[in-house]
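# Analysis of the macromolecular model
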Amino acid sequence: MGIIERIKEIEAEMARTQKNKATEYHLGQLKAKIAKLRTQLLEPPKGSSGGGDGFEVTKFGHGRVALIGFPSVGKSTLLTMLTGTHSEAASYEFTTLTCIPGIIHYNDTKIQLLDLPGIIEGASEGKGRGRQVIAVAKSSDIVLMVLDASKSEGHRQILTKELEAVGLRLNKRPPQIYFKKKKTGGISFNSTLTLTHVDEKLCYQILHEYKIHNAELLFREDATVDDLIDVIEGNRKYMKCVYVYNKIDVIGIDDVDKLARQPNSVVISCNLKLNFDRLLAKMWEEMGLVRVYTKPQGQQPDFGDPVVLSADRGGCSVGDFCNHIHRSLMKEVKYVLVWGTSARHYPQHCGLGHVLNDEDVVQIVKKKDKEGEGRGRFKSHSTAPARISDREKKAPLKQ
Ligand SMILES: Nc1nc2c(ncn2[C@@H]2O[C@H](COP(=O)(O)OP(=O)(O)OP(=O)(O)O)[C@@H](O)[C@H]2O)c(=O)[nH]1
Ligand SMILES: [Mg+2]
């Protein structure tokens, strides 16, 4: 039996099982079994060289955004409108068959936008080109889930389920559970608060399912079985997602209003070019890019060409900023002067650990070569040799 059939079988068993206190442990175990099988499904088959026929495109720009959605919701139309790169759009399904990259120029940064083929229910199990599409989505910084505003709300749930099946978690943060495998000592179970979804026995059972008999487990929040499985699997990707409802030109204003009020949602219309600025602003906000402008000593800051940092791509500290300019720069830095919202006063003297905010201005002050010889008024200012014995002997006076 293949992995997909086994998953189906277990899902059917779960559907048959009533949910109550007595079946809780059994259901937990089944969930862990499915998670294990799904992870197996994600691993490339043995002997293959990996992706192969995937359609990975080279990363470009300061961030990457993937357009995910059902066929014919207007992904290609949106890419053409936002980037100027033409992507074929037509009224039939599966117009786009591969990954088409475009570039959005926004706030002095370049953001790569990827148009992808539409995905359908069952994509996570390989239907259509679902697996490849989801692989590209995983490699991006955020996902724009494009939805047809005139279609049912169910599409959003189906897509979220498909993405969750391959280990993507949208708009969630990692569960606050500390988990560490050990060599000996059995399982130590602790929690900082009362747990309402899981108990010690259930956790033991799930760990047994994974053949883990020695580990440390500490719950810092009231987590569920699924959260625990996510932590044990350890391969989940937590991503931001913006829900983009397209084609609002064909629905009533009341429906538009309802959709627009949902969290993380933006309503647009490609045909009428409606609300693109809001979409871009929301995308920018979710990406959390930090633009830092450099200021050479005694000159105006260079506002044309920012250094772009982000927490997901390496961090936003002064050290990361220096590394971004040149890897050897960090060693030469004495301190930096910072102007902007991260500084308490202007300019603030900061070290390498200081975390920068968007639109900060930074001036780097380097160490001087001679620095460090003596302190304060004992600092040697002359370039003459320090020790008397090193000084050149004066020629003896002529008599
Ligand atoms: N009414 C309306 N139709 C739109 C809008 N945007 C796109 N469409 C139409 O929707 C159809 C599908 O557009 P595409 O851009 O090809 O959709 P897609 O999501 O790229 O489709 P696939 O590549 O097949 O996955 C086209 O006929 C577009 O003209 C819109 O804002 N309003
Ligand atoms: Mg398309």
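Residues numbered from 1 in each chain as written. Chains lettered and ligands numbered in written order. Predicted model: local features only at pLDDT ≥ 70, side-chain atom pairs only at ≥ 80, totals over all residues. Heavy atoms only, no water.

Looking at an unreviewed UniProt entry, one finds the protein chain named OBG-type G domain-containing protein and attributed to Prunus persica.

### Overview of the pattern of salt bridges
Scanning the entire structure with this criterion turns up 17 salt bridges. Residue arginine 38 is joined to glutamate 11 by a salt bridge in which the shortest nitrogen-to-oxygen separation is 3.0 Å. Of the two residues, arginine 38 sits in helix α2 (residues 24-42) while glutamate 11 sits in helix α1 (residues 3-16), which places them 27 residues apart along the sequence. Salt-bridge contacts for glutamate 209 lead to lysine 36; the nearest nitrogen and oxygen are separated by 3.5 Å. (Salt bridge = Lys/Arg side-chain N within 4 Å of Asp/Glu carboxyl O. Helix = DSSP H or I, 4+ residues; strand = E, 2+ residues; numbered from the N terminus.)

### Here we look at the site of ligand 1
In the region of ligand 1, 23 residues are neighbours, and Ser76, Thr77, Phe94, Thr95 and Thr96 sit closest. One nitrogen or oxygen atom from the main chain of glycine 74 is found 3.0 Å from an oxygen atom belonging to ligand 1. At 3.2 Å from an oxygen atom of ligand 1 is found a side-chain nitrogen or oxygen belonging to lysine 247. Against a free-state accessible area of 660 Å², the protein chains account for coverage of 88% of ligand 1. If one sorts the elements of the shell around ligand 1 by residue count, helix α3 (residues 75-83) sits on top with three residues. Grouping the amino acids of the shell around ligand 1 by side-chain chemistry returns eight nonpolar, eleven polar and four charged. (Near = heavy atom within 4 Å. Polar contact = N/O pair within 3.5 Å; in protein donor to acceptor, adjacent residues only side chain to side chain. Areas by Shrake-Rupley, 256 points an atom, 1.4 Å probe, with all protein chains shown as cover. Nonpolar A, V, L, I, M, F, W, Y, C, P; charged D, E, K, R; others polar.)

### Considering the nonpolar core
Grouped together as the largest cluster of nonpolar side chains are 58 residues, with contacts concentrated most on Leu78, Leu144 and Met283. Ranked by size, the runner-up nonpolar core spans 24 residues in total, among them Phe179, Ile212, Ala215 and Ile229. (Core = buried A, V, L, I, M, F, W, Y, C linked by side-chain atoms within 4.5 Å. Buried < 20%, exposed > 50% of the residue type's maximum accessible area, 1.4 Å probe, protein only.)

### A short note on the sheet that holds strand β8 (residues 215-219)
Sheet architecture is open: three strands sit in the order β6-β8-β7, paired in mixed fashion. Across the chains shown, the open sheet's two edge strands, defined by having one partner strand only, are β6 (177-181) and β7 (187-191). Recorded for the sheet is a direction-independent mean angle of 5° between the axes of neighbouring strands. Summarising the sheet, β6 and β8 pair through five bridges and their orientation is antiparallel. Each residue of the ladder has a partner; that of tyrosine 178, found in β8, is leucine 218. Sitting on the sheet, helix α6 (residues 200-209) is in contact with β6, β7 and β8, with an inclination near 135° to β7. Against the sheet, helix α7 (residues 225-233) engages β6 and β8, with an angle of about 40° to β6. (Pairing = 2+ DSSP bridges. Axes fitted to C-alpha atoms, helices over the stretch in contact; angles between N-to-C directions. Contact = heavy atoms within 4.5 Å.)

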